[in-house]
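Residue strings, one per chain:
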Amino acid sequence: MANVVIRTHIPMYIISIISLILLAEYFVAFDPLAAFRKEMLTWGVIIYNFVTLLGSVLMLRFHTLRTMKPPSRDPKARYYSIVAIAAFFFYLAIGWGTGLTGTQYVTMYMQTVIPATATLWGLNLIFSTMGVYRAMRITGLEGLALLIGGLSYFLKEMPIVASIFPPITGIGDWFLLYIMTPAGRVAVLTAALISIVVCLRTIIQRERTAVV
Amino acid sequence: MTKKEKTTWDRLLDIPQWALAIAAFVFLIIPVLKPLGLPVPVGAPAADYVKWIQEIPPGSNVVFFQEMSGSGWDEIKGGYTSTLKYLWSRKINVVIIATYSDAGPTNIWGINYANPDRFGAKYGENYVNLGYIPGIEVMVAAVRDSISATVSVDYLGTPLKDIPLMKTVDSYKDFSAIIVSFSSGTDMDKYVRQWYATHPEIPQLWMTASGNEMSAVSYWVGGMAKGYLSGPTGCAAMEGFIGEPGLAAKITDMKNLASIPTLVLVVIGNIAYFGKKLSRRES
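Residues numbered from 1 in each chain as written. Chains lettered and ligands numbered in written order. Predicted model: local features only at pLDDT ≥ 70, side-chain atom pairs only at ≥ 80, totals over all residues.

1. Quick look at the interface of chain B and chain A
Step number 1: Contact residues are listed per partner, giving 48 residues for chain B and 45 residues for chain A.
Step number 2: For the side of chain B that touches chain A, the secondary-structure elements that each account for two or more residues are α2 (17-33), α4 (70-89), α5 (103-114), α6 (137-145), α10 (213-222) and α12 (247-282) of chain B.
Step number 3: A total of twelve residues in the side of chain B that touches chain A trace back to one element, the largest contributor, which is α12 of chain B. (Contact = placed C-beta atoms within 7 Å. Helix = DSSP H or I, 4+ residues; strand = E, 2+ residues; numbered from the N terminus.)

2. Digging into the nonpolar core
What tends to happen in soluble globular proteins is that the nonpolar side chains get buried as a cluster.
Step number 1: Among the nonpolar cores identified, the biggest contains 83 residues, and Val-62, Ile-97 and Ile-178 of chain B are the most heavily contacted of them.
Step number 2: Per-element accounting of this core gives the leading share, seven residues, to α4 of chain B.
Step number 3: The residues contacting Val-62 of chain B, other than those within four sequence positions of it, are Ile-56, Leu-87, Ile-92, Val-94, Phe-175, Ser-176, Ala-177, Ile-178 and Ile-179 of chain B.
Step number 4: Counting 14 residues, the second-largest nonpolar core is a separate cluster that includes Val-132 and Met-136 of chain A together with Leu-257 and Val-266 of chain B. (Core = buried A, V, L, I, M, F, W, Y, C linked by C-beta atoms within 7 Å. Buried ≥ 20, exposed ≤ 12 C-beta atoms within 10 Å, placed from the backbone.)

3. Structural notes on the domain arrangement of chain B
Residues and elements named next belong to chain B.
Step number 1: Along its sequence, chain B is carved into domain 1 (17-37 + 249-266) and domain 2 (44-244).
Step number 2: Domain 1 and domain 2 are separated by 32 Å when their C-alpha centres are compared.
Step number 3: Taken together, the contacts link four residues of domain 1 with six residues of domain 2.
Step number 4: Split into classes, the residues belonging to the side of domain 1 that touches domain 2 amount to two nonpolar, one polar and one charged. (Domains from an automatic or database assignment. Nonpolar A, V, L, I, M, F, W, Y, C, P; charged D, E, K, R; others polar.)

4. Quick notes on helix α3 (residues 44-53) of chain B
Residue and element names in this part refer to chain B.
Step number 1: For α3, the complete set of buried residues consists of Pro-45, Ala-46, Tyr-49, Val-50 and Ile-53. Seen from one end, α3 has its buried residues packed into an arc of 140 degrees, which puts them on one side.
Step number 2: Against α4, β5 (204-208), α10, β6 (227-230) and α11 (231-242) lie the buried residues of α3. (Arc of directions from axis to C-beta.)

5. Re unusual backbone geometry
Residue and element names in this part refer to chain B.
Step number 1: Despite not being glycine, Lys-91 has its phi angle at roughly 60 degrees, a positive value.
Step number 2: One can find Lys-91 in the loop between α4 and β2 (93-98).
Step number 3: We classify Lys-91 as partly exposed; it has 14 C-beta atoms within 10 Å.

6. Quick look at the packing of α4 of chain B against α11 of chain B
The angle between the axes and the distance between the axes are what describe a pair of packed helices.
All names here are of chain B.
Step number 1: α11 packs onto α4 with a crossing angle of 25 degrees between their chain directions and a minimal axis gap of 7 Å. Considering the angle they form, α4 stands roughly parallel to α11. Judged by the twist between their axes, the crossing of α4 over α11 is left-handed. Touching Glu-75, Ile-76, Gly-78, Gly-79, Ser-82, Thr-83, Lys-85 and Tyr-86 of α4 are Gly-231, Pro-232, Gly-234, Cys-235, Ala-236, Met-238, Glu-239 and Ile-242, all from α11. (Axes fitted to C-alpha atoms, helices over the stretch in contact; angles between N-to-C directions. Parallel < 35°, antiparallel > 145°, perpendicular 65-115°, else oblique. Left-handed = near helix turned anticlockwise from the far one by under 90°.)

7. Brief notes about the sheet that holds β2 of chain B
Residues and elements named next belong to chain B.
Step number 1: Strands sit in the order β3-β2-β1-β4-β5-β6 across an open sheet of six strands; the sheet is parallel. What marks the edges here is a single partner per strand, and that holds for β3 (127-132) and β6. Pairwise comparison of adjacent strand axes, ignoring direction, gives a mean angle of 15 degrees for this sheet.
Step number 2: Strand contacts of α5: β1 (61-66), β2 and β3, with the helix running at about 155 degrees to β3, the strand carrying the most contacts.
Step number 3: Strands in contact with α10 are β5 and β6; relative to β6, the strand with the most contacts, it is inclined by about 170 degrees. (Pairing = 2+ DSSP bridges.)

8. What to know about the pairing of β5 of chain B
All names here are of chain B.
Step number 1: Summarising burial for β5: five of the five residues are buried, a large majority.
Step number 2: Covered by surrounding structure in β5 are Gln-204, Trp-206 and Thr-208 together with Leu-205 and Met-207, the residues of both alternating faces.
Step number 3: In this fold, strand β4 (residues 177-181) hands off to helix α9 (residues 189-196), which returns the chain to β5; that crossover is right-handed.
Step number 4: Looking at chain direction, β5 and β6 are connected through four bridges and run parallel. Residue pairing in the sheet places Trp-206 in a bridge with Tyr-228 of β6.
Step number 5: Note that the unit made of β5, α10 and β6 has a crossover that is right-handed. (Right-handed = clockwise from strand over helix to strand, strands pointing away.)

In structure tokens, the structure reads:
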């Protein structure tokens, strides 16, 4: 019982009280509340940094354990983990040695991480081509809507189409403004309303997903 | 059991993935070998970005929150560098902040590429790179209230009190605009929540990957962002505006032909779909 109180009840009370104060500060101009919010922001930064550090430690722990005992279904996982650990310490050494703003670190980052992620991103073109070929079929009203919406945006982004048929930019913008914006707004407003509900449920201690 | 023979429609409906991949790759590589150099279409959001950036008074200060790294960086690097070039050419001071840790190196690369010396922009006087400041939304809110209370040194470790620009710039009161390069479809929300909600008078100009445009457009229509550059096409518009087509224009050129197989496949897919439907009905 004591364990449950420590692990769930106390964090829930802390969340509720802090959320209430932060909410009140938004609507009431009162200096002590503003000072409290500022203090909370500083605490937030400290906790965020600690979580980043904790994440690195957990990642190292995971890969070290996997190096020592790889999963039976994937024995090669050991080698991937060794690469991950080696890359971690290599970056750490260069970053520590030359500083995160040093030419070596920046050059290394720009010549390894950026091309690798850009290649993965570039492969998207091939997978998107496959996906579009299968998805953009007028099998019904939804398919037609997807096709019109997708093509209007797609064509407006292509200079070759705009140079052959200049009004496509305006047509694409029209779809963006009058068809896609309302749809986007519905999504944003729905997400915002859900956030409010979750916040209120957290304050009244009905939402426990943050601590359970 | 006999295997049902495939009709032409079936074959067209099921083109092997390797063939699609080769087609996409071939069309992608042609403009790399021989650039087409077609004029870039300027959409309304990009036109607004260009319009509003001209409204920033010379000699004033802007804060530039930069989140992009990895693949996203390729999408916006043209907009990032051309924006810096334009701001420096108009003697507008820029305070650059990396919102995420991996945006630090891209900032340094982008600043060097934009070449501040060319515009007579001096570090510490006309621009400052504060590097990565942790905290994400908490940081964005804290910077709005006071930079000196949030961070004490710049990216090189120089105390802010020793940097001339930072003696005159500290909070939202000192900025005439905020420029944001955000990384995901919800990352711009924090700038709306923490800056626009409290200080809507400070114009926000955004740039992002083209995949995020569907999320950004609502905020542009609502006036939270005065304009935005979406992906390489939007960024190429900014490059065109300053008269220096470069990083984004190259990618836009590649998109020209690479998109053609996709269009052709959409047409083939639909013709085959209806062809098969018709042939079934006839039989």
